[in-house]
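Observations on the three-dimensional arrangement
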Amino acid sequence: MNDDNTELVVAHTSSGAEELARRLPNVRVVSAFNTIPSEVLFGVYEARRTTTRASLVYCGDDNSSKAVAAELIRDVGFDPLDAGPLRIARYTEPFALLVAELAYEGEGGPELAYRFEWFRK
């Protein structure tokens, strides 16, 4: 994101997460927690024992690192949703802008979370 958090600096052909992974080749990068406002964390944590949990997408190239991220996501109170390899961060980073727009410019306030559900027959 740029300095005033209004535009992506890297998008569509790469992501901030991928750029970080390129600059630190010996580090295992998992993109997580960037698609929700921090203001919602306490509310999600307090509701963590409910059956319906807010979703949180994450992605990365290393399965053991993704397993650690999924556990952290679950511990906070979200339902972790593995979005695939780190290149998917190209799509989660623009999604984070949408969530930020709704949270900080919308009327509902920043305590915003989302939920993905599959409707099967």
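This write-up is about the structure you can find in this document. Note that the coordinates shown come from a computational prediction; the quantities given were computed from them, not determined experimentally. (Residues numbered from 1 in each chain as written. Predicted model: local features only at pLDDT ≥ 70, side-chain atom pairs only at ≥ 80, totals over all residues. Heavy atoms only, no water.)

Counting residues in each nonpolar core, the largest one holds 13 residues, and the members touching the most others are I36, L56, F78 and Y114. Breaking this core down by element, the ones donating at least two residues are β2 (55-60) and α3 (63-76). Among residues more than four places away in sequence, those in contact with Y114 are T35, I36, A54, S55, L56, V57, F95 and V99. Core analysis: the second largest hydrophobic core is formed by six residues, C59, L86, I88 and A89 among them. (Core = buried A, V, L, I, M, F, W, Y, C linked by side-chain atoms within 4.5 Å. Buried < 20%, exposed > 50% of the residue type's maximum accessible area, 1.4 Å probe, protein only. Helix = DSSP H or I, 4+ residues; strand = E, 2+ residues; numbered from the N terminus. Contact = heavy atoms within 4.5 Å.)

The subject of this paragraph is the side chain of R48. Structurally, R48 is set in the loop between α2 (41-46) and β2. Although R48 is buried, it forms no salt bridge, and the closest oppositely charged side chain is E46 at an N-O distance of 7.9 Å. Discounting residues that sit within four places of it in the chain, R48 has contacts with R53, D75, V76 and G77. (Lys, Arg positive; Asp, Glu negative; His and termini not counted. Salt bridge = Lys/Arg side-chain N within 4 Å of Asp/Glu carboxyl O.)

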